[in-house]
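Per-entry structural report
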Amino acid sequence: MQQVHGYWFVALLLIPFGGPGCRSPSEKLGEVRVQKFEFRGSDLARGGIKHQDTGGISEAAVKLARQARVPICLEPAEAGDGDVAPIELAAENAPVATLLQDMVKQDPRYTFRERLGVIEVLPVGAAKDSSDCLNMTIPILHVNYPSTAAIASLRCQIQTVSKSRFDIVFDPLRAGCAGVLPGARPPDGRPIRATFLFEPVRDILDRIVADSGEAAWVAHFSRKSRGCDSLVIGTYSLPSE
């Protein structure tokens, strides 16, 4: 396995994004209007389905994302961090940002922001929390895979960097990680081609799903610790146009 030692990466160029999932920089996701949106969190919470997010902000945000076809990425609060606050919303011809503002008012543990082609819903203070693995800087990551495989490659690099910054590889998925044989045939689908240099984990996730145009990421922590050993990353699909 070829290793990359030290930080001699300055000569590498960031490959620009330009896939069909990209939006114009002037297009604000928060300004996208939803003709009619309704979410009754308390009704869902009484439905007898045992799930941490039932009726809460995560489920409401996913429903909004799919209805508006806007990538809304989620970082839920720590497991066991209080009861879910049921979200109650009913609006017509409302911008996405207005609906999200109503959600975070009902659950003030959260805030939201638009950046890098996505909207993030995250716990207050999480963006500047140095103990949050999503804020850890990845020295280098090269991907040339569809979004799900690109995120799998990122997960491999997260685990490597969290243990040793001197054993990282240029392309961890091709080198072999997480049970993938080195040189294995990449999965089918439109590849995302990019090289990331010294970017935080959440920024890389944002750019991958924004370029794919077909999904948004969800990251949560399996324990109170927000360290890399408890980080779980997944995606959910957005409907096509």
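Conventions adopted
- Residues numbered from 1 in each chain as written.
- Predicted model: local features only at pLDDT ≥ 70, side-chain atom pairs only at ≥ 80, totals over all residues.
- Heavy atoms only, no water.
- Axes fitted to C-alpha atoms, helices over the stretch in contact; angles between N-to-C directions.
- Helix = DSSP H or I, 4+ residues; strand = E, 2+ residues; numbered from the N terminus.
- Parallel < 35°, antiparallel > 145°, perpendicular 65-115°, else oblique.
- Contact = heavy atoms within 4.5 Å.
- Nonpolar A, V, L, I, M, F, W, Y, C, P; charged D, E, K, R; others polar.
- Pairing = 2+ DSSP bridges.
- Buried < 20%, exposed > 50% of the residue type's maximum accessible area, 1.4 Å probe, protein only.

A short note on the packing of helix α2 (residues 57-68) against helix α3 (residues 96-106)
At a minimum axis distance of 11 Å, the contact between α2 and α3 shows a crossing angle of 175 degrees. As far as their axial angle goes, α3 and α2 are roughly antiparallel. Listed contacts from α3 to I57, A60, A61, L64 and A68 of α2 are V96, L99, L100, M103 and V104. For the contact of α2 with α3, the class distribution of residues is 10 nonpolar, no polar and no charged.

Digging into the pairing of strand β4 (residues 110-115)
Here β4 pairs with strand β5 (residues 118-123) via 6 bridges, running antiparallel. Note that in β5 the partner of T111 across the bridge is L122. Counted along the chain from β4 to the antiparallel partner β5, the turn is 2 residues long, and its residue L116 has a positive phi close to 55 degrees.

Regarding the pairing of strand β6 (residues 137-145)
With respect to burial, β6 is a largely interior element, 7 of its 9 residues being buried. Bridge analysis of β6 against strand β7 (residues 192-200) gives 8 bridges, and the strand direction is antiparallel. Bridged to I138 within β7 is E199.

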